[in-house]
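# Chains, contacts and geometry: an overview
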Amino acid sequence: MSLYDDAVLVLKAYEDQPELRDAYLEHLAAHPDGGLWKACGAGHVTASALVVDPERGQVLLTLHRKLRMWLQMGGHCEPGDATLAAAALREATEESGVTGLTLLAGGPVRLDRHPIPSPCHCHFDVQYAALAAPDAVHAVSDESLDVRWFPYAEVPSVADDSVVRLLAATRARLGA
């Protein structure tokens, strides 16, 4: 199965945010050869993961080098990614430096479509949550200015609304 086929199946199975989900599927249908790749000027699907330590009630955020914002880990799909989940896990591991992450069961937690600087127009982000061990060691990647743990309650004061919504959906899935 191709990454494109996986993306379509994942999105069709995602039951929340039906209007946004349908917009993602329409984008992929309109761009079957490029809708997943950075080169698609109409926008492209990305995969991200909010790294959480539920035992300590914390999330690991990255201070994005270009955007200068505290965000979840994530980014572009690459040709070697077999699935969207694999892309999200790869990005979370690369950007956090944390080994042994596992994705929260149940597939994507949220979808978030947002504009990005030129030459592209938008990211169709498929957002997962990744579980970290309480003793997880993180590191700053080349894509970040900083990587830091934040208590759940502190996230609204440092991150934008998309991260706050992702955290709320993650906590709901965790039952926390």
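To be clear, the structure that these remarks concern was listed above.
Everything in this summary refers to the structure shown in the same document. (Residues numbered from 1 in each chain as written. Predicted model: local features only at pLDDT ≥ 70, side-chain atom pairs only at ≥ 80, totals over all residues. Heavy atoms only, no water.)

### Re the overall build of the chain
Helix and strand counts for the chain come out as five helices and eight strands. Across the chain, helices and strands are ordered from the amino to the carboxyl terminus as α-α-β-β-β-β-α-β-β-β-β-α-α. Its C-alpha radius of gyration of 15 Å places the chain within 12% of the 16 Å reference for a compact globule of 176 residues. A principal-axis box enclosing the C-alpha atoms of the chain has dimensions of 45 × 35 × 30 Å. For the chain, the share of sequence-separated contacts (at least 6 apart) that also reach a separation of at least 24 residues comes to 67%. With an accessible surface of roughly 8400 Å², the chain has 55% of that area assigned to carbon and sulfur atoms. (Helix = DSSP H or I, 4+ residues; strand = E, 2+ residues; numbered from the N terminus. Rg over C-alpha atoms; globule rule 2.2 N^0.38 Å. Contact = heavy atoms within 4.5 Å. Areas by Shrake-Rupley, 256 points an atom, 1.4 Å probe, with all protein chains shown as cover.)

### Considerations on the nonpolar core
Grouped together as the largest cluster of nonpolar side chains are 34 residues, with contacts concentrated most on Leu-36, Val-51, Leu-84 and Val-126. Elements with a minimum of two residues in this core: helix H1 (3–13), helix H2 (18–30), strand S1 (44–53), helix H3 (84–96), strand S7 (122–131) and strand S8 (144–151). Excluding residues within four positions of it along the chain, Val-126 makes contact with Leu-11, Tyr-24, Val-45, Thr-46, Ala-47, Ser-48, Leu-84, Pro-108, Arg-110 and Leu-111. Counting residues in each nonpolar core, the second largest holds 17 residues, with Val-52, Val-109, Val-155 and Leu-166 among its members. (Core = buried A, V, L, I, M, F, W, Y, C linked by side-chain atoms within 4.5 Å. Buried < 20%, exposed > 50% of the residue type's maximum accessible area, 1.4 Å probe, protein only.)

### Quick notes on H2
Between its first and last C-alpha atoms H2 spans 18 Å; for 13 residues at 1.5 Å apiece the expected length is 18 Å, and the two agree. The inward-facing, buried residues of H2 abut H1, S1, strand S6 (110–115) and S7. (Expected span 1.5 Å × (residues − 1).)

### Quick notes on H1
The α-helix advances 3.6 residues per turn, and as a result positions three or four apart in sequence lie on the same side. Turning to H1, its buried residues number three or more, namely Leu-3, Asp-6, Ala-7, Val-8, Val-10 and Leu-11. For H1, the elements touching its buried residues are H2, H3, S6 and S7.

### Section: the pattern of salt bridges
For the coordinates displayed, the defined rule picks out eight salt bridges. Here Glu-78 and Arg-90 are joined by a salt bridge, their closest N and O atoms 3.3 Å apart. Here the residue Glu-78 occupies a position in the loop between strand S4 (73–76) and H3, and Arg-90 occupies one in helix H3, the gap between them amounting to 12 residues. Taking the relative accessible area as the measure of exposure, Arg-90 reaches 17% and is therefore buried. Of the charged contacts in the structure, one is a salt bridge between Arg-90 and Glu-94, with a shortest N-O distance of 3.3 Å. Placement of both Arg-90 and Glu-94 in helix H3 is noted, with a separation of four residues, approximately one turn of the helix. The partly exposed category is assigned to Glu-94, whose relative accessible area is 41%. (Salt bridge = Lys/Arg side-chain N within 4 Å of Asp/Glu carboxyl O.)

### Quick notes on the packing of aromatic side chains
Counting across every chain of the model gives two aromatic pairs. Ring plane angle 90 degrees and centroid distance 5.2 Å describe the contact between Tyr-24 and Phe-124, whose orientation is recorded as edge-to-face. Of the two residues, Tyr-24 sits in helix H2 while Phe-124 sits in strand S7, which places them 100 residues apart along the sequence. For the pair formed by Tyr-24 and Phe-124, the shared burial category is buried. Considering the side-chain rings of Trp-70 and Phe-150, the 4.9 Å spacing of their centres and the 75 degrees angle between planes classify their relative orientation as edge-to-face. With a gap of 80 residues between them, Trp-70 in strand S3 (residues 70–71) and Phe-150 in strand S8 connect regions that are remote in the sequence. Here Trp-70 falls in the buried class, since its relative accessible area comes to 11%. The aromatic ring of Trp-149 is capped on one face by Arg-56, whose charged end is 5.5 Å from the ring centroid. (Phe/Tyr/Trp six-rings, centres within 6.5 Å; stacked < 30°, edge-to-face > 60°. Lys NZ or Arg CZ within 6 Å of the ring centre and 35° of its normal.)

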